[in-house]
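# Descriptive analysis of the structure
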Amino acid sequence: MHRGFVSEFRQFLVAIAVAAVLGLVIGYPLYTLLLANVLYGAWTLYNMRKLERWLTTRSIGQVPNATGFWEEVYYQVSNNRERHNKEKHRLQSLILRVQETTAALKDAVIILDDQASIQWWNQSARRLIGLQPGDHGKPIVNYLRSPRFVRYLEAEDYSEPLTMPSATDSDQFLSFQINRYGQGDYLMVVRDISRLQKLEQMRKDFIGNVSHELRTPLTVVRGYLETMADNADSLPGVWQKAISQMEQQSKRMTLIIEDLLTLTRLETDDSSLRETKINVADLLQSIVHDAQDLSGDKAHQFEIDADEDFLLIGVIEELRSCISNLVYNAVRYSPAKSQIILHAYVDEGGGHIAIEDHGIGIEARHIPRLTERFYRVDASRSLDTGGTGLGLAIVKHVLSRHQALLEITSRINHGSTFTCSFRLDRVVKEHRPSSLNDSE
Ligand code: ADP
């Protein structure tokens, strides 16, 4: 553009110079200069009009004839138009491809703006959520009214997907995963997980049913074994040993079945309605009472270091089973007379219950897998102590139902600490009535 302007300016100066010389020759320099300026102005206006007309026409193919500055202008504008058109075509074909790809997806993809209003959706969103062509700009909660979905959307914690039955088809189970992107917009992917959910339900039902069905025959076998053990004195030595071992193993089987049934219950029923305020210090006290029986001759030293005002909102039977499992493990995996401390405290991060033992400890590589069903650090260890391999799986389930986390720290031959951390909204700090009131 710079070159065009310089040549135009040069032409203008030449015209002015010619007009001035001509004016001096004929004796009217001012008139000729004025005339030259008027002519130049008219020429410029003519070119501007031509440019405007060309810009407003659709065809960009033919560039009008022009010279100097105007030729340069036409050249630049035409170049920009061509580039712009190419970019437009590229974007159009990209959008088309994205639309074709998302239309082929089985999952619903929905884009919401920062107010959670619907901006765009693919074909599957029609099928799974029932969105219609005129729904652009409407709030998504008009279509997904379930309080669970509204809570999930508002909580802004999308680390885990939300799974719930479809509002339109009760046989259908949907999983909602939200991602935030750009300037606060939402990308929501909705998946039909009915098949997976059905399989998961079948698995839970199967374990539940098998455990339940095994309970009765096992009770009969145990009954006979107990009677035989009571009268074992008259039997040969080899039989006495066999009967005692059979009795031990049948007891273990019963414990495994009881734990499996507990796990099934934890996975299937909704216990949130049974939540109450639990005084943690009292709960620990009663668990220690039972643990002392388990410890028996090993005489572990129990200590409770609990904040007396710490009340926890939860399901008492589940929390009792969870903390008991941790305390019983501490008893089983610590030497006789060693100290076991039960801590309960509240800090700015929430409410915590920690079970500290001074036992055999666990190697760091095992810690991430301890809560898996039947995971054992050393099979012989658990067989010796009569463990079922399900205790920590129960602990994990109970804690996840209370939105709590389990942290395990341990040092071989020094001991372990299992800490359950509950969110602050489950903690109530309530001053306990004084001992005077207690005695009333
Ligand atoms: P188990 O019934 O075998 O004890 P758990 O699920 O309760 O099953 O525990 C899994 C494994 O974790 C146990 O086999 C044991 O090796 C280890 N473990 C659990 N608690 C402790 C502890 N307090 N000290 C040392 N090891 C432990």
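It should be emphasised that the depicted structure is a prediction, and the values quoted were computed from it without experimental measurement.

It is worth spelling out the overall build of the chain at this point. Along its length, the chain carries 12 helices and 13 strands. Against the globule reference of 22 Å for 440 residues, the chain gives a C-alpha radius of gyration of 41 Å, more extended than a compact globule. Dimensions along the principal axes, computed over C-alpha positions, put the chain at roughly 150 × 50 × 45 Å. Counting the 440 residues in the chain, one finds 36% classified as buried. A separation of at least 24 residues holds for 59% of the contacts in the chain among residues at least 6 apart in sequence.

Both faces of the sheet carry side chains from a regular strand, because those side chains alternate between them. Burial of the side chains of strand β3 (residues 162–165) is restricted to one face: L162 and M164 are buried, whereas none of T163 and P165 on the reverse face is. Alignment of β3 against strand β4 (residues 173–181), held across 4 bridges, turns out to be antiparallel. Across the sheet, residue L162 finds its bridge partner in β4, namely F176.

Before going further, it helps to spend a moment on helix α2 (residues 29–56). With 28 residues, α2 ought to run about 40 Å at 1.5 Å a step, and its terminal C-alpha atoms sit 41 Å apart, in line with that. When we look at burial in α2, the residues that qualify are T32, A36, N47, L51 and W54. If you follow the buried residues of α2, they end up packed against α1 (2–26) and α3 (68–104).

With that settled, the discussion passes to the packing of α1 against α3. At a minimum axis distance of 7 Å, the contact between α1 and α3 shows a crossing angle of 160 degrees. Judged by the angle between their axes, α1 and α3 are roughly antiparallel. Between α1 and α3 lies a crossing of left-handed hand. Touching G4, F5, S7 and E8 of α1 are G68, F69, W70 and E72, all from α3. Split into classes, the residues belonging to the contact of α1 with α3 amount to 3 nonpolar, 3 polar and 2 charged.

In this structure the tally under the stated criterion is 16 salt bridges. Residues E318 and R401 are paired through a salt bridge, measuring 2.9 Å at the closest nitrogen-oxygen approach. With E318 in helix α9 (residues 316–332) and R401 in helix α11 (residues 391–401), the pair connects residues that are 83 residues apart, well separated along the chain. Across this residue pair, the class does not change: E318 and R401 are buried.

Parameters at a glance
Residues numbered from 1 in each chain as written. Predicted model: local features only at pLDDT ≥ 70, side-chain atom pairs only at ≥ 80, totals over all residues. Heavy atoms only, no water. Helix = DSSP H or I, 4+ residues; strand = E, 2+ residues; numbered from the N terminus. Rg over C-alpha atoms; globule rule 2.2 N^0.38 Å. Buried < 20%, exposed > 50% of the residue type's maximum accessible area, 1.4 Å probe, protein only. Contact = heavy atoms within 4.5 Å. Pairing = 2+ DSSP bridges. Expected span 1.5 Å × (residues − 1). Axes fitted to C-alpha atoms, helices over the stretch in contact; angles between N-to-C directions. Parallel < 35°, antiparallel > 145°, perpendicular 65-115°, else oblique. Left-handed = near helix turned anticlockwise from the far one by under 90°. Nonpolar A, V, L, I, M, F, W, Y, C, P; charged D, E, K, R; others polar. Salt bridge = Lys/Arg side-chain N within 4 Å of Asp/Glu carboxyl O.

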